Every structure is written in C-alpha cells, then in structure tokens.
Amino acid sequence: MDNLKSENTEIEILNAAKAVFQQKGMDGTRMQEIADKAKINKALLHYYFRSKQLLFEAVFSSAFSLLAPQLNTILNDESDLFEKIIKFTNNYISFVIEHPYLPNFVIQELNRNPEFSNKLRVKENFPTIDKFKIQVSIAIEKGIIKPIETEQLFINIMSLNVFPFIAEPLLMALTNTDKENYNQLLQNRKTEVSSFIINSIKM
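Quick caveat, the model's predicted, so the values are computed rather than measured. (Residues numbered from 1 in each chain as written. Predicted model: local features only at pLDDT ≥ 70, side-chain atom pairs only at ≥ 80, totals over all residues. Heavy atoms only, no water.)

1. Brief notes about unusual backbone geometry
Even without glycine at this site, Lys39 takes up a positive phi of about 60 degrees. Following the sequence through the fold, Lys39 ends up in the loop between helix H2 (31-38) and helix H3 (42-48). Residue class for Lys39 comes out exposed when judged on its relative accessible area of 74%. With a phi close to 50 degrees, Asn176 is a non-glycine residue in the positive phi region. For Asn176, a relative accessible area of 75% translates into the label exposed. (Helix = DSSP H or I, 4+ residues; strand = E, 2+ residues; numbered from the N terminus. Buried < 20%, exposed > 50% of the residue type's maximum accessible area, 1.4 Å probe, protein only.)

Structural data, given as structure tokens:
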C-alpha cells in the first residue's frame, strides 16, 4: 500500500512539474510552484527529487520515452522506404497532437543543456537511422529515388514534422488561421508531409 501511494505521489509530482515547466520553462519555474500544483509540501517534493534539475530531467526523460520507442520501431522495421516515411510522419504527428507540449519541451532542454542528449543516447530504444541509411542507399542504387544524403533526408522529414508544432503561434498569424482550422491543418499534415517528401525524392 505504501509503495502504491509512493508511486502515485511521484506520478502526481511529474504531472505537476510537466505543466509548470511547459508554461514557464526550466529557468522560470520554482520548486514551490510545483509542490503547490501537486498539492504537497516542498519538503516532500525534495524527498522525491533533490533538485529542480533532477526533476526536469525526469519529466523530460518520461516525455521522450513515450515517443522514442515508436520512432525507433518504425525506422528499423521491415517496411519499404516510402511506406516507412508514411508511417513515420503519421505516427509522429498523431503522437504530438496528443502530446503537444513535447516538441517545445525537447528543444527547450536540448538548447539549454546540449549535453543532456548524451544521456538520452544510451537509453534503450533511442532512435537510430542505421537501417534507414541502408534502405536509402539501396533505393538510390536501384534508381527508385534521386541521390540524397540520408542525413539530409532525415532532417527534412523531422523538420517538416516538428516545425508546425514549435512555431504554431507564428504560423497561425502568418496564415491568418484560427485554432480549430490550424488543428485541421495539422491533421492533414499526416499525409501531406509524407507525400511531399516522397514526391521530392522519387525518380
């Protein structure tokens, strides 16, 4: 019973911290705000997490661990290159629509603490593009796609998927789009991005 209560308290802390960090960022957040949000006292918060940095890393790791296994599975499954691009885009956008805080959260922490990416790389299921590289090379050799560096292709895919989420307020203003219609645009990008990428590289 005590273990269950402890787990529930930790989950409540992480959820509260996620909400506050998302709103105010790492530097703008105080531990007392997180304790208040979690409806616990500050001493108990420090019992679970000794510092704001450790709490931020726990929230970040928890968020990243939701997405990383999905992306890694897609990048290393047996589907062909075009199907992989379609699945990657659809899964990524679907996931981020459900967790809209995640892209800004990831970028915020990596910009603030670039070395943190090294901690992520050693985690199980961290995405790798090794198999993707092989598929791209084979597709080029067979004349299926135009010559392109795998890294450039992957950056293009990631950029087209990520940017509409991290630049949402700017893009809504530039396109004169309200929230409801912008959400529909994001839904449409599940197929628009993959179609754009595939049409740009296929022979």
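2. Some points on the UniProt feature "DNA-binding region" (unreviewed entry) in the protein chain
In the numbering used here, UniProt assigns the feature "DNA-binding region" (unreviewed entry) to residues 30-49. Secondary structure across residues 30-49 comprises 75% helix and 0% strand; the distance between its end C-alpha atoms is 13 Å. (UniProt positions renumbered as here; feature names shortened; annotations may be inferred.)

3. Re the UniProt feature "domain: HTH tetR-type" (unreviewed entry) in the protein chain
Sequence positions flagged by UniProt for "domain: HTH tetR-type" (unreviewed entry) are, in local numbering, residues 7-67. For residues 7-67, the helix share is 87%, the strand share is 0%, and the end-to-end C-alpha distance is 22 Å.

4. Observations regarding the side chain of Ser79
Take Ser79: it is sitting in the loop between helix H4 (52-75) and helix H5 (81-98). Within the structure, Ser79 has its side chain in polar contact with the side chain of Asp77 (distance 2.6 Å). (Polar contact = N/O pair within 3.5 Å; in protein donor to acceptor, adjacent residues only side chain to side chain.)

5. Considerations on the domain arrangement of the protein chain
Here the protein chain is described as being made up of domain 1 (1-50) and domain 2 (64-201). Its C-alpha centre places domain 1 at a distance of 31 Å from the equivalent point of domain 2. Counting from both sides, the interface comprises six residues of domain 1 and, opposite them, four residues of domain 2. Contact between domain 1 and domain 2 buries roughly 500 Å² in total, counting both sides, with carbon and sulfur atoms accounting for 64%. The largest contributions to the domain 1 side of the interface with domain 2 come from Lys18, Gln22 and Met26, which together make up 70% of the buried area. Taken together, the links from domain 1 to domain 2 amount to zero salt bridges. Along the contact surface separating domain 1 from domain 2 lie zero residue pairs in polar contact (both at pLDDT 80 or more). Grouping the amino acids of the side of domain 1 that touches domain 2 by side-chain chemistry returns two nonpolar, two polar and two charged. (Domains from an automatic or database assignment. Contact = heavy atoms within 4.5 Å. Buried area = accessible area lost by both parts, 1.4 Å probe. Salt bridge = Lys/Arg side-chain N within 4 Å of Asp/Glu carboxyl O. Nonpolar A, V, L, I, M, F, W, Y, C, P; charged D, E, K, R; others polar.)

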